[in-house]
2 protein chains.
Amino acid sequence: MPTDQNQREKAQKWFRELRDQICAEFEKIEMELSGTEFSDDPAGIFTQKAWDRDTDDGAHGGGGVMSVMKGRVFEKVGVNISTVHGKFSDEFSKKIPGADDNNGQFWAAGISLVAHMRSPHVPPVHMNTRMIVTSKQWFGGGADLNPIFENDQDSAEFHGAWKACCDRHDPEYYSKFKGWADEYFFIKHRNEARGIGGIFYDNINSGDWDSDFDFTKDVGKTFLDLYPTLVRRHMNKAWTKEEREAQLIKRGRYVEFNLVYDRGTTFGLKTGGNTEAILMSLPPEVKWA
Amino acid sequence: MPTDQNQREKAQKWFRELRDQICAEFEKIEMELSGTEFSDDPAGIFTQKAWDRDTDDGAHGGGGVMSVMKGRVFEKVGVNISTVHGKFSDEFSKKIPGADDNNGQFWAAGISLVAHMRSPHVPPVHMNTRMIVTSKQWFGGGADLNPIFENDQDSAEFHGAWKACCDRHDPEYYSKFKGWADEYFFIKHRNEARGIGGIFYDNINSGDWDSDFDFTKDVGKTFLDLYPTLVRRHMNKAWTKEEREAQLIKRGRYVEFNLVYDRGTTFGLKTGGNTEAILMSLPPEVKWA
């Protein structure tokens, strides 16, 4: 496969470091809450749970670590890192670049994060980045914000940060990846966007691994700089029962997207991935009208 | 298409009558509640909402009526009847018996019911029956019970009633349709059954329309006789907060099944069906651990 061991180790190490930095920052935020409904509760801390990929059929290997925090700011936030390798089914190999002419062999590492917040004023968020190797090699990832009540300043800062991140690497990235997010994070059967979008990218291979890896690292760093600002902006404001209800209904849309359209979820569930890790993205409490 | 107008009208009329009988019985049950958490609330009544199938592309027609009750026994129960006709996409026609050699033309009528209950002791239920016409014609349907806490008497009566119903029509039906339910109502990614099963049948065409229609009518009548007994058996018992939590978690499994595997749901959502009617089956409140 077209990467050396050193590149794979660098990517894995980065996803782990990014996980550590994000979890540390989120735990810091937990300690800063004051004045809202849950501020007398203890600050949340992450718990980790490692999982191994089932190796019964010889076609799976590797594993991952789930980090979950159920706190007073973060109602439920999950940060997964994983490194998996094995062999895709013949049918699946046809859909994955470079897998068909590689006997289905693949290697993949990545980080994936979903945050559902106590306050309806703090926008939920999703971010993931990954490196994949078949007979080809590429990076992919994305991030999108799913506010219950859209806030112009948040939206401008969120989109602005991703534009700046993309522009640091390639002048063509932003419009392409923003467009891809708008198209991807859309709930067709509701004819409504899942949130305000962000960026979505895949199959990134410019021929320069270091430079592609730098972009994927920058996506992680941009997220780490950006999202805590939005959380701190809103987390100390009170909310009404009606706002909470609107949040629970909005979460239903998130569930619909994840179980019906999300490629990572449907791919994972249908190819024997770790169900607990995959469905960590589901909200803790949801309502449908 | 291989049925006369008279048969179609008979089927439609039956689904409507069955809907009326079920709704009347469920409203009666609502009035009988005493002694539990919600018994001071007013008894629920059904509200109806008609919908038309979108005809923009000329490929859709017909519509349906949703009946929904949010009551004190039934937390949310939906009973849909619909009669739709039109033309399947070329791709979809290949998957439906007799559609490919009929230019995709189809006609379908049916009833579909899902009940989510206030009490964790009252088992949620699903039932549906339908008549479909392409260049072929057949009946399909099924029912399954999804208790939070399994109850031996309920299970024995539920399975026993379906066995008796099947045996009245064909000695081979029950083992076949029970097996099909066990296979179908299964959440693969959790490696767990959705509930205790029941019956699931499809492509029923014995060559004798009247006799096949009698079986589908008997499924409806069996349900109408069976489920109210189970509701009345448990609805006046108190429940704990922990039992309610278990119910909300169990409902998450129902959502996962419906959005990932349920053929009616995924078919409907991906072929431009009425989203509100299709997703009426989703529980009013759900939790994921």
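What counts, and where the lines are drawn
Residues numbered from 1 in each chain as written. Chains lettered and ligands numbered in written order. Predicted model: local features only at pLDDT ≥ 70, side-chain atom pairs only at ≥ 80, totals over all residues. Heavy atoms only, no water. Helix = DSSP H or I, 4+ residues; strand = E, 2+ residues; numbered from the N terminus. Contact = heavy atoms within 4.5 Å. Buried area = accessible area lost by both parts, 1.4 Å probe. Salt bridge = Lys/Arg side-chain N within 4 Å of Asp/Glu carboxyl O. Polar contact = N/O pair within 3.5 Å; in protein donor to acceptor, adjacent residues only side chain to side chain. Nonpolar A, V, L, I, M, F, W, Y, C, P; charged D, E, K, R; others polar. Pairing = 2+ DSSP bridges. Buried < 20%, exposed > 50% of the residue type's maximum accessible area, 1.4 Å probe, protein only. Arc of directions from axis to C-beta. pLDDT = per-residue confidence, 0-100. Least-squares fit on C-alpha atoms with pLDDT ≥ 70 in both.

## Considering unusual backbone geometry
Residues and elements named next belong to chain A. Of note, the phi angle at N103 is positive, near 60°, even though the residue is not glycine. You can see N103 is positioned in the loop between α2 (90-93) and β4 (105-117). Look at N203: it is not a glycine, yet its phi comes out positive at around 55°.

## A closer look at the interface of chain A and chain B
Contact with chain A, which involves 20 residues of that partner, is made by 20 residues of chain B. For the pair chain A and chain B, the summed buried surface comes to about 1,900 Å²; carbon and sulfur atoms form 63% of the total. A per-residue breakdown of the area chain A buries against chain B is headed by H189(A), L259(A) and W288(A), which together make up 29% of the total. Taken together, the connections running from chain A to chain B amount to zero salt bridges. At the junction of chain A and chain B, the tally comes to seven residue pairs in polar contact (both at pLDDT 80 or more). Of all the elements in the fold, those that place two or more residues in the side of chain A that touches chain B are α6 (241-260), α7 (263-270) and β10 (285-287) of chain A. The dominant element in the side of chain A that touches chain B, judged by the number of residues it contributes, is α6(A), at four residues. Here the side of chain A that touches chain B is composed, by residue class, of 11 nonpolar, two polar and seven charged. Examined bridge by bridge, β10(A) and strand β10 (residues 285-287) of chain B share three bridges and lie antiparallel to one another. For V286(A), the partnering residue across the bridge sits in β10(B) and is V286(B).

## As for the environment of N203(A)
Residues and elements named next belong to chain A. For N203, the position within the fold is in strand β9 (residues 197-204). Look at N203 and you get partly exposed, because its relative accessible area is 43%. Ignoring any residue separated from it by four or fewer positions in sequence, one finds N203 in contact with P97, W138 and F139.

## Re helix α7 (residues 263-270) of chain B
Taken together, the buried positions of α7(B) are occupied by T265(B), G268(B) and L269(B). The arc that holds every buried residue of α7(B), seen down its axis, measures 95°, which confines them to one face. Those residues of α7(B) that are buried are in contact with α6 of chain A together with α6 (241-260) and α8 (275-278) of chain B. Of the residues that open α7(B), the one with a side-chain oxygen 3.0 Å from the backbone nitrogen of G264(B) is D262(B).

## Quick look at the confidence of the model for chain A
Here chain A averages 93 in pLDDT, and 96% of its residues register 70 or above. Predicted complex metrics record ipTM = 0.91 and pTM = 0.93.

## Thoughts on the relation of the copies chain A and chain B
Placing chain A over chain B gives an RMSD of 0.0 Å and needs a rotation angle of 180°, together with 0.0 Å of translation along the axis. Here the two chains are linked by the operation of a two-fold rotation axis. If distances are taken from each C-alpha of chain A to the rotation axis, the shortest is found for V286(A), at 2.6 Å.

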